[in-house]
Amino acid sequence: MDIINAVFVWAALIMSVLDLRRILVDRVLGGIHFGSAVLFTVWPLWDLCYYHSLGQWVSFCVCFLLACVRLCWFSAVYRNRKVL
């Protein structure tokens, strides 16, 4: 189950990296609801605790990367807030 779950988290990681890249390159933020951005950033932070308690280390490692990318996304939005 750990590997299957990690594949889904990996897919979310790839999409989040593409979102981050889009903001860094285009400096355009459109069609994003703040609530969904917060939810999809807090979720992997919660999953870090959850996967650790279950001993699912592959999912934990991929989720750690996802949490880092999501926090970088918020950092990029904040840094470019005047442009966006």
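Below: a short report on this structure. (Residues numbered from 1 in each chain as written. Predicted model: local features only at pLDDT ≥ 70, side-chain atom pairs only at ≥ 80, totals over all residues. Heavy atoms only, no water.)

With that settled, consider the side chain of S16. Within the element layout of this structure, S16 appears in helix α1 (residues 2-26). By relative accessible area, which is 7% here, S16 ends up buried. What S16 contacts, discounting residues up to four positions off in sequence, is L66, V69 and R70. (Helix = DSSP H or I, 4+ residues; strand = E, 2+ residues; numbered from the N terminus. Buried < 20%, exposed > 50% of the residue type's maximum accessible area, 1.4 Å probe, protein only. Contact = heavy atoms within 4.5 Å.)

Moving on, we get to helix α3 (residues 57-79). With 23 residues, α3 extends 33 Å from end C-alpha to end C-alpha; this agrees with the ideal 33 Å at 1.5 Å per step. All of the buried residues along α3 are S59, V62, C63, L66, A67, V69, R70, W73, A76 and V77. (Expected span 1.5 Å × (residues − 1).)

In this section: the packing of aromatic side chains. How two aromatic rings sit relative to each other is set out by the distance from centre to centre and by the angle between their planes. Counted under the stated rule, the structure contains six aromatic pairs. When the ring of F40 is compared with that of W43, the centres are 5.9 Å apart and the planes differ by 20 degrees; the resulting orientation is stacked. Here the residue F40 and the residue W43 both occupy positions in helix α2 (residues 34-54), the gap between them amounting to three residues, near one helical turn. By relative accessible area, which is 44% here, F40 ends up partly exposed. A centroid spacing of 5.1 Å and a plane angle of 90 degrees characterise the contact between W73 and F74, whose relative ring orientation is edge-to-face. (Phe/Tyr/Trp six-rings, centres within 6.5 Å; stacked < 30°, edge-to-face > 60°.)

This next bit is on the nonpolar core. Within the largest apolar cluster, 16 residues are counted, with the highest numbers of intra-cluster contacts made by V9, L13, L20, I23, V62, C63 and W73. For this core, the elements supplying multiple residues, two or more each, are α1, α2 and α3. At eight residues, α3 tops the list of elements feeding residues into this core. Every residue in contact with L20, bar those within four places of it in the chain, is listed here: V69, C72, W73 and A76. (Core = buried A, V, L, I, M, F, W, Y, C linked by side-chain atoms within 4.5 Å.)

Bringing the environment of A37 into the picture now. Take A37: it is sitting in helix α2. For the pair A37 and F74, spaced 37 residues apart in sequence, the C-alpha to C-alpha distance is 8.4 Å. Not counting residues up to four positions away in its chain, the partners in contact with A37 are I32, R70, W73 and F74.

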